[in-house]
Amino acid sequence: WSSDVCSSDLFVLLDGRSRRSPQACGGGAGDSCAEVDDPARTMLGEVQEAWVAQRFAEASRDAVVWTVLGNQTALSDLTIPRRGARFTLFDQWDGYPQARRRLLVSARDAGVRNLVAFTGDLHCSLVSDLQLDGSIAGSEFVATSISSVFAPAQADLFELGLQLSDRVRLVDTRRRGYARADIGPKETLVAFRHVDDARDPYSPVRTTSRWRLRAGERGVQKA
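Before going into details, it helps to say that this report is about the structure given with it. (Residues numbered from 1 in each chain as written. Predicted model: local features only at pLDDT ≥ 70, side-chain atom pairs only at ≥ 80, totals over all residues. Heavy atoms only, no water.)

1. Things to note about the nonpolar core
Quick reminder of the rule: Residues belong to one nonpolar core when they are buried, are Ala, Val, Leu, Ile, Met, Phe, Trp, Tyr or Cys, and are joined through side-chain atoms within 4.5 Å. Whether a residue is buried, partly exposed or exposed follows from its accessible area with a 1.4 Å probe, protein chains only, as a fraction of its type maximum: under 20%, in between, or over 50%, in that order. Runs of H or I in DSSP of at least four residues are treated as helices and runs of E of at least two as strands, each being numbered from the N terminus. Whether two residues touch is decided by their heavy atoms; if any such pair falls within 4.5 Å, the residues are in contact.
Membership of the largest hydrophobic core comes to 24 residues, with the highest contact counts inside it found for Phe56, Leu69, Leu75, Trp93 and Leu103. Looking at this core, the elements that each hand over two or more residues are strand 1 (10-13), helix 1 (46-61), helix 2 (97-110), strand 6 (115-119) and strand 7 (125-132). Broken down by element, the residue count for this core peaks at five residues, all from helix 2. Once residues lying within four places of it in the same chain are set aside, the contact partners of Leu75 are Leu69, Trp93, Arg100, Leu103, Leu104, Ala117, Leu130 and Glu140.

Structure (structure tokens):
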């Protein structure tokens, strides 16, 4: 990520690997099970959850413009209805929905104004609003991988399912590249940059979409 950072922004870098509960329902990806909703399950661990809550309180107290989460796994709800169940990527925050809720409630209760998550890991480009109790709690940008591919067996289901979602604005599992974020006092602009063919070292890099968040407004828009 490249950014033009405002001095009044707060960056919170999350560790979602070293303290989390084991993946539910056998791990990987598949239909959800009751274990997923166990409130004792954690992505960050109790100590880090408390630390993040303190950072949110500081953001509100200091009236920072953007509270930015540097995030390892997708925070958005990316579950897809399937056969009376929900197709779930258990490695992402979808495998830890109660922990996700605690995080978003903590930001809301602290009065965080502009919450935005920047995420990798998923091997796709994705733009989504973060939902909490029917309202937009923030937004998320997921940058794709430079060369690694999205799991081919899940690509069609993932794209088609999320294209029907009212919270997901972009999902692209096919193209490789990166994203550029310009964070300013009034708005955050994110451009997705993709190559035509990741196997070709001379393949051109193109800006395929641009997105905007305005400070004080909820929800991401195409720029």
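Picking up after the structure, the text goes on.
2. Comments concerning empty space enclosed by the protein
The criterion, for reference: Cavities and pockets are found on a 1 Å grid laid over the protein atoms alone: a cavity is a set of points where a 1.4 Å probe fits but cannot escape, a pocket is an open set with protein on both sides within 12 Å along at least five of seven lines, and a lining residue has an atom within 4 Å of such a point. Grid points are joined across faces, edges and corners, and a volume is the space filled by probe spheres set on the points. Under the grouping applied here, Gly and all other residues not named as nonpolar or charged are polar, the nonpolar ones being Ala, Val, Leu, Ile, Met, Phe, Trp, Tyr, Cys and Pro and the charged ones Asp, Glu, Lys and Arg.
On inspection of all chains with the given rule, the structure shows one cavity of 30 Å³ or more. Lining the largest cavity, in full, are Trp66, Arg113, Asn114, Leu115, Ile136, Gly138, Ser139, Leu213, Glu217, Arg218 and Gly219. Examining the composition of the lining of the largest cavity, we find that three residues originate from one element, strand 8 (residues 135-142), more than from any other. Residue classes in the lining of the largest cavity are distributed as four nonpolar, four polar and three charged.

3. Description of the layout of surface pockets
Within this model, the largest pocket holds a volume of roughly 350 Å³. In terms of lining, the largest pocket is formed by 20 residues, of which the most central are Asp77, Thr79, Asp94, Pro97 and Arg100. For the lining of the largest pocket, the secondary structure elements donating two or more residues are strand 5 (85-89), helix 2 and strand 7. For the lining of the largest pocket, the element with the highest residue contribution is helix 2, accounting for five residues. The residue makeup of the lining of the largest pocket, split by class, is six nonpolar, six polar and eight charged.

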